Amino acid sequence: MNRLTASQITASLAVLLLGTGGALMIGAGPLDILLPVLATLLVLVICAASPDRPEPAVSPLPAEVPDIIAHPDARGLLEGIADPLMLIERGRIIAANRAAQRLLGAHIEGEDARIAIRHPAAAERLASQAPLAEPVMIELVGLGTRDQRWQMRIAPVGEDGHVRRLVHLADHSGAHAAEKMRVDFVANASHELRTPLAGILGFIETLADPDLGKDDETRQRFLKIMDGEARRMQRLIDDLISLSRIEAEKYRLPDSAVDLSGLVAEVVGVFRTSHGDRGREVEMEIAPGLTDVQGDRAQLSQLLHNLIGNSVKYGRAGTPIHVSLSDGPSGLLRLTVADEGEGIGPDHLPRLTERFYRVDSGRSRAVGGTGLGLAIVKHIVERHRGRLDIASVLGKGTTISILLPRFAVEEKAVAAKA
């Protein structure tokens, strides 16, 4: 029973008094009225004294969880990620950012994920509708292009009933290529050092033999070979150190003004005086009035020595080596070194600047090559923010062109003030 409020009790008493007065007016006796009045008062007292009974709690209606796809910022959130990103529901792509569409096609939204990502390692995971407790990582090779490597991360999104997955693709091709390059570099460097070292050790053992070491002619011949192998190792170590220093400064742009015309004339003069008949076949053509380039003089000198040295070694004897410097496109200077040698096949051209790559390993070692010359040239050009182009025709020769930026007038003024 609910407790009556004060207003309810007052109203009940007023009704009781009116009823009693009306009964007396129509001739009812006091005893006839007393019993109903007492009963009414008793009921009022009991109701007034009864404790409150709590109202039954009304369960609130469960709040409706908004669908993430219906949210107005959902598309912007997907586009905020530079990597390919897709939202998959029950094996079907319901949303994909532009990066995913560029990789897999603009038509992938609404498509079966196994058709969009045609890779056997991913098909089972993408089609599975079993609950996913934690994200899954899968390595994919050949998605996009044949050599690309991706890491696909599949993570659960929202309630289990929706069976939604967020698929993120991260391109690991660069990291994998760098690791492969490191492994190949260590293997090649070890081989290049081990080969002459093994030869030197073998000759030392031979000379240490009491009988064989007595022959003066044999000893002199072995010592000459040992000297050549030791110098070969020295050149290799010098080139490795040089390459390491250039790579360490790769992201620091040179800030000096270099008179490239004078430097080319200087290096060509060195070759003409120190390489006999072959050195005198180096021809030079420098356009007048060329401005300085922005660069590192020591590295540019090394670049010229490597390029002209390659032409001297591999060009056909009796043919000229052309070294020219002229104006290039977009305000750059063009340096060109061309020979009339045997040329290089088109299959080899893309790999010429790799460390230790040789078109003819036997011939390269015979003329004292380390396999690092063009790799050093490439890194010097990259540090100078230039461009390198290698063109070759079998039987006709090879032409290497380099474009280098000029030294800006504003920077020259700043350097002069300093």
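Treat the numbers as computed from the prediction; the structure is a model and nothing was measured.

(A) Inspection of the overall build of the protein chain at higher detail. Summing up its helical and strand segments, the protein chain has 14 helices and 12 strands in all. As displayed, the protein chain offers around 25000 Å² of accessible surface, 58% of which is attributable to carbon and sulfur atoms.

(B) Looking closely at the sheet that holds strand S9 (residues 321-327). Here 5 strands make up an open sheet; going across it, the order is S7-S9-S10-S12-S11 and the pairing mixed. Both outer strands of the open sheet, strand S7 (282-286) and strand S11 (387-393), are each paired with one neighbouring strand and no more. If you compare each strand with its neighbour and ignore which way they point, the axes differ by 15° on average. Looking at chain direction, S7 and S9 are connected through 5 bridges and run parallel. Paired with Glu 283 across the bridge in S9 is His 322. Across the face of the sheet, helix H9 (residues 260-274) comes into contact with S7, S9, strand S10 (332-338) and strand S12 (397-405) while running at roughly 165° to S7.

(C) Looking closely at the pattern of salt bridges. Considering all chains together, one arrives at 18 salt bridges under this definition. For Arg 114, the salt bridge is made with Asp 112, and the minimal N-O distance between the two is 3.1 Å. Looking at Asp 112, the relative accessible area reads 16%, which means it is buried. In this structure, Asp 296 and Arg 383 form a salt bridge, with 3.2 Å as the shortest nitrogen-oxygen distance. Of this pair, Asp 296 sits in the loop between strand S8 (293-295) and helix H11 (297-314) while Arg 383 sits in helix H13 (residues 373-383), and the two are 87 residues apart along the sequence. Beyond isolated ion pairs, a larger network of salt bridges with shared partners links Arg 75, Glu 79, Arg 98 and Glu 109.

(D) Layout of the pairing of strand S5 (residues 164-171). The pairing of strand S1 (residues 85-89) with S5 spans 5 bridges and is classified as antiparallel. When the sheet's bridge partners are listed, Leu 85 is paired in S5 with His 168.

(E) Focus on the pairing of strand S2 (residues 92-96). Where S1 lies against S2, 4 bridges are found, and the strand directions are antiparallel. Across the sheet, the residue bridging to Met 86 is Ala 96, located in S2. In textbook terms, the turn of a hairpin is the stretch between consecutive antiparallel strands, and for S1 and S2 this stretch comprises 2 residues, one of which, Arg 90, has a positive phi near 50°.

(F) Fine view of helix H8 (residues 216-248). When the terminal C-alpha atoms of H8 are compared, their 48 Å separation across 33 residues agrees well with the 48 Å that a helix rising 1.5 Å per residue should span. Within the sequence span of H8, burial applies to Thr 218, Phe 222, Met 226, Arg 232, Met 233, Leu 236, Asp 239, Leu 240, Ser 242, Leu 243 and Ile 246.

(G) Region of the structure containing the side chain of Glu 111. Considering the arrangement of structural elements, one finds Glu 111 in the loop between helix H4 (98-104) and helix H5 (113-116). Arg 118 is the oppositely charged side chain nearest to the buried, salt-bridge-free Glu 111, at an N-O distance of 6.4 Å. Those residues in contact with Glu 111 that sit more than four places away from it in its chain are Gly 91, Arg 92, Ile 93 and Ala 116.

The rules we used
Residues numbered from 1 in each chain as written. Predicted model: local features only at pLDDT ≥ 70, side-chain atom pairs only at ≥ 80, totals over all residues. Heavy atoms only, no water. Helix = DSSP H or I, 4+ residues; strand = E, 2+ residues; numbered from the N terminus. Areas by Shrake-Rupley, 256 points an atom, 1.4 Å probe, with all protein chains shown as cover. Pairing = 2+ DSSP bridges. Axes fitted to C-alpha atoms, helices over the stretch in contact; angles between N-to-C directions. Contact = heavy atoms within 4.5 Å. Salt bridge = Lys/Arg side-chain N within 4 Å of Asp/Glu carboxyl O. Buried < 20%, exposed > 50% of the residue type's maximum accessible area, 1.4 Å probe, protein only. Expected span 1.5 Å × (residues − 1). Lys, Arg positive; Asp, Glu negative; His and termini not counted.

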